[in-house]
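Close look at the chain arrangement
Read off the chains here:
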Amino acid sequence: MIRYMITQNVLHRPLRTFITVLAVAVEVTLVIIVVGLTSGLLSESAKRIEGVGADIMVQPPQASYLMAFSGAPMPIAIADKLAQLEYVQAVAPVLTQFNTSGIEIVYGIDKASFNAVTGGFVFHEGHDLRGLDDILVDDVYAKSKKIKLGQTLQLFNHDFHVVGIVEHGKGARLFVFLSTLQEMGGAHDKASVFFIKCDRADHTPAVTDEIKELLPRYEVRPLRDLMSLMTSSNLPGLAAFINVMIGIAVVIGFLVIFLSMYTTIIERTREIGVLKALGASKGYIVRIVLSETTLLCIGGAVAGVGLSFLMSAIFIKLFPTLTILITPLWVLRAGLIALVGGLLGAAYPAWMASRKDPVEALAYE
Amino acid sequence: MLKATRIFPSSDSLTLEGERLLEPILKTENLWKVYRQGKVEVPALRGVSIDIFPGEFVSIMGPSGCGKSTMLHVIGGLAQATSGRVLLDGNDLTTMSDSARTLLRRHKVGFVFQRFNLLPTLDAYHNITLAQHIHGNGFDPHRFQVVADLLGLSGRLNHKPSELSGGEQQRVALARAIVSEPKIVLADEPTGNLDTKSSEAVLGLLRQLNQDLGQTIVMITHNPEAAAYGHRVLHMRDGEVVDGSSVH
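Residues numbered from 1 in each chain as written. Chains lettered and ligands numbered in written order. Predicted model: local features only at pLDDT ≥ 70, side-chain atom pairs only at ≥ 80, totals over all residues. Heavy atoms only, no water.

Scanning chain B for helices and strands turns up 7 helices and 13 strands. In chain B, buried positions account for 54% of the 248 residues. Contacts spanning at least 24 positions in sequence make up 67% of the contacts within chain B whose residues lie at least 6 apart. (Helix = DSSP H or I, 4+ residues; strand = E, 2+ residues; numbered from the N terminus. Buried < 20%, exposed > 50% of the residue type's maximum accessible area, 1.4 Å probe, protein only. Contact = heavy atoms within 4.5 Å.)

A word on the overall build of chain A. Helix and strand counts for chain A come out as 13 helices and 12 strands. Taken over the C-alpha trace, chain A has a radius of gyration of 29 Å; the compact-globule value for 365 residues is 21 Å, which it surpasses by more than 25%. Each of the three principal axes of chain A carries a C-alpha extent, and together these read 90 × 45 × 30 Å. By residue count, 50% of the 365 residues in chain A fall in the buried class. A sequence separation of at least 24 residues applies to 80% of the contacts in chain A between residues at least 6 apart. In the structure as shown, chain A presents an accessible area of about 16900 Å², 62% of it carried by carbon and sulfur atoms. (Rg over C-alpha atoms; globule rule 2.2 N^0.38 Å. Areas by Shrake-Rupley, 256 points an atom, 1.4 Å probe, with all protein chains shown as cover.)

What follows deals with empty space enclosed by the protein. Residue and element names in this part refer to chain A. Taken as a whole and judged by the stated rule, the model has 2 cavities of 30 Å³ or more. Asn9, Arg268, Ile272, Leu275 and Ile288 are the residues nearest the centre of the largest cavity, which is lined by 13 residues in total. Secondary-structure elements contributing two or more residues to the lining of the largest cavity are helix H1 (2-12), helix H10 (269-277) and helix H11 (282-318). For the lining of the largest cavity, the element with the highest residue contribution is H11, accounting for 4 residues. The residue inventory of the lining of the largest cavity, partitioned by class, reads 8 nonpolar, 2 polar and 3 charged. (1 Å grid on protein atoms, 1.4 Å probe; cavity = no way out; pocket = protein on both sides within 12 Å on 5 of 7 lines; lining within 4 Å. Points joined across faces, edges and corners; volume = space filled by probe spheres on them. Nonpolar A, V, L, I, M, F, W, Y, C, P; charged D, E, K, R; others polar.)

This part takes up the interface of chain A and chain B. Across the boundary between the two partners, chain A contributes 26 residues, which contact 24 residues of chain B. Together, the buried faces of chain A and chain B total about 2300 Å²; carbon and sulfur atoms form 63% of this surface. Of all residues in chain A, Met1, Tyr4 and Leu278 of chain A give up the largest surface area on contact with chain B, accounting jointly for 26% of the area buried on that side. With its nearest N and O atoms 2.9 Å apart, the salt bridge here joins Glu365 of chain A to Arg115 of chain B. Joining chain A to chain B, the criterion identifies 9 residue pairs in polar contact (both at pLDDT 80 or more). Looking at the side of chain A that touches chain B, the elements that each hand over two or more residues are H1, H10, H11 and helix H13 (358-363) of chain A. When grouped by side-chain class, the residues that make up the side of chain A that touches chain B number 15 nonpolar, 5 polar and 6 charged. (Buried area = accessible area lost by both parts, 1.4 Å probe. Salt bridge = Lys/Arg side-chain N within 4 Å of Asp/Glu carboxyl O. Polar contact = N/O pair within 3.5 Å; in protein donor to acceptor, adjacent residues only side chain to side chain.)

All names here are of chain B. Read from one edge of the open sheet, 6 strands run E9-E10-E11-E6-E12-E13, paired in mixed fashion. Two strands close off the open sheet at either side, each with one partner strand: strand E9 (109-112) and strand E13 (240-243). Strand-to-strand, the axes of this sheet are offset by a mean angle of 25°, without reference to chain direction. Bridge count between strand E6 (residues 57-61) and strand E12 (residues 232-237): 4 bridges; the pairing is parallel. Bridging across to E12, Ile60 finds its partner in Leu234. Across the sheet, helix H2 (residues 98-108) lies against E9 and strand E10 (184-188), angled at about 80° from E9, the strand it touches most. (Pairing = 2+ DSSP bridges. Axes fitted to C-alpha atoms, helices over the stretch in contact; angles between N-to-C directions.)

Right, let's talk about a nonpolar patch on the surface for a bit. Residue and element names in this part refer to chain A. On the surface, Leu15, Phe18, Ile19, Leu22 and Val26 cluster together to form a nonpolar patch covering roughly 490 Å² of accessible area. Position of Leu22 among the secondary structure elements: in helix H2 (residues 14-51). Assessed through its relative accessible area of 40%, Leu22 is described here as partly exposed. (Patch = residues over 30% accessible without salt bridge, like charges linked within 9 Å, V, L, I, M, F, W, Y side chains within 5 Å.)

Moving on to the environment of Arg200 of chain A. Residues and elements named next belong to chain A. Following the sequence through the fold, Arg200 ends up in the loop between strand E11 (193-198) and helix H7 (204-214). For Arg200, a relative accessible area of 46% puts it in the partly exposed group. Arg200 sits 112 residues away from Val88 along the chain, and the two C-alpha atoms are 8.7 Å apart. A polar contact of 2.9 Å, which involves the side chain of Arg200, links it to the side chain of Asp202.

For Gln145 of chain B, the location among the structural elements is in helix H4 (residues 141-150). When the C-alpha atoms of Gln145 of chain B and Asn91 of chain B are compared, they prove to be 31 Å apart, with 54 residues separating the residues in sequence.

Given 3.6 residues per helical turn, the α-helix brings residues three or four places apart onto the same face. Between its first and last C-alpha, helix H12 (residues 328-354) of chain A extends 37 Å over 27 residues, near the 39 Å set by a 1.5 Å rise per residue. Ala347 of chain A marks where H12 of chain A bends most, by close to 35°; the proline Pro349 of chain A follows one to four residues later. (Expected span 1.5 Å × (residues − 1). Bend = angle between axes of the 7 residues up to and from the residue.)

This brings us to the packing of aromatic side chains. Residues and elements named next belong to chain A. The tally for this structure, following the rule as stated, stands at 14 aromatic pairs over all chains. Taking the centre distance of 6.2 Å and the plane angle of 70° together, the rings of Phe121 and Phe123 count as edge-to-face. You can call Phe121 buried: its relative accessible area is 12%. One aromatic cluster in this structure is built from Tyr107, Phe114, Phe121, Phe123, Phe175 and Phe195. (Phe/Tyr/Trp six-rings, centres within 6.5 Å; stacked < 30°, edge-to-face > 60°.)

For the rest of this paragraph, the subject is the side chain of Lys68 of chain B. Residues and elements named next belong to chain B. The topology assignment puts Lys68 in helix H1 (residues 68-75). Of the polar contacts made by the side chain of Lys68, one reaches the backbone oxygen of Gly62; its length is 3.1 Å. With residues up to four places along the chain from it excluded, the contact list for Lys68 reads Ile60, Met61, Gly62, Pro63, Glu189, Ile220, Thr221, His222 and Met236.

Moving on, we come to helix H6 (residues 196-213) of chain B. Residue and element names in this part refer to chain B. End to end, H6 covers 25 Å across 18 residues, agreeing with the expected 26 Å (1.5 Å per residue, within 8%). Those residues of H6 that sit buried are Ser198, Ser199, Val202, Leu203, Leu205, Leu206, Leu209 and Asn210. Around the axis of H6, the buried residues are gathered within 150° of arc, so they sit on the same side. Turned more than 90 degrees away from the buried face of H6 sit Thr196 and Lys197, all of them exposed. Considering only its buried residues, H6 is in contact with E6, H4, helix H5 (166-178), strand E11 (216-221) and helix H7 (224-227). One or two residues past the end of H6 sits Gly214, with phi positive at roughly 70°. (Arc of directions from axis to C-beta.)

Here is the structure:
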């Protein structure tokens, strides 16, 4: 009976229903896209670092595993010490530089050692780095920025010559010579990270322990754990950002539902009087209002999930380097967030409706 | 308790065929209702004492502002009395909490209003079964059918109020009022918004409900012709019952 009643109520004012559902949908989309973008960004960089093919990553003390955010490079001489350790097959020193204009990391690499660790680039076009001003770009970057082989690419006020387009997935999207990047950044004989390849994958823990002994305060990370570390909640700054965005979304949902249900209750004052005359309890009336809210929120959540996938598809079409990760967990969470915000927003209108004086309500015009 | 269908009581209680004492289903004792408008107190009811017996059809007549609507609200448990007593089926409404009065309305009172007051979003069928749903005993198809047949609604059940004439809406409202078998039906100017023909039909149905089902009815009206459908008429003026004569 209540289900029929709220369905009829919702259908009775289609525009109000549409606007309310749309607002809840926007709220849900906001949550899903914000979380999807941040975790997409993280998982994407994690995947790329994994794609390097190294077993262990060594970084300076207190460095973030998101290398873009790390500064303070290490002396390159450490690479030689690492290479002498047991079970270590190859060590690739890399200097990373954050290109703020394009939000991309540039790797400065030593060709021989990088190839030894990664197994070498797969070239779509062109050839490997030869000259000091040469640069390799990956296929995704080339496609999204419409970069052609042989063109000039300006980075850090320096003109680079695009000599090769390579398969994506080797840590960064842009690669230059280590020495070039060192010189440009004034970081002579420095590296930001050492990628280490062990002779056998199951020697990784042993080598990790060795390095930790050799370089006690340094960040030594087996790369197999990296993906599990790459979640938004593991980064305090991002977690706070996401929480703020969720807070904003909840406030939107709260206000929209509040207003929608508040005006609905006023419009239905006489009907509430009738229900009271028929002997409907306060709980019965609260139940009707909250059930209707739940229906609107569920409608909004479903529409919001659809809208999220649509937005995500549009974003990726417009910005191919972006990754938006929409996980079932966050779809569920976003729906629950909308529902909780909506029910909070409906709480006062429901209470107000349940407390109406029946005689006054019946006389309402 | 006797199931009386044709009684014309004229005093507080009466002996039926000299055997049993019949208790009123509704009794008010020195009932006062005072509204406060700012600093001015406006008495709407001034010491009303009436008895309504089971199976009676009583009309309350009086000019507008005489307090008859207030009377209906107080005896139906929609409004709290200022002083005095209202006994409905043995329960004193004046000492009850708001939620207890709600419960009493649910189980013992059926309302019929001048403006029909059907829920506009629900069809006739759901407007009627809503009362059963709130009543809490679930859908009773037998009772529903009896009521729908009696009120001639069977063909109109899937229409919304906006698709029904005034007379049909009021018949749906009547069905809603009696479908949960209340002890008393309180009708507030049930023909006030109807033309003569529909008014006669609705009044005829009220009388039929009273005769066939033994339904106790209290009806407010300012129309003497409508009032004449009851067994007796109580006249009200300035918040008091001035004459309780029988019309039959």
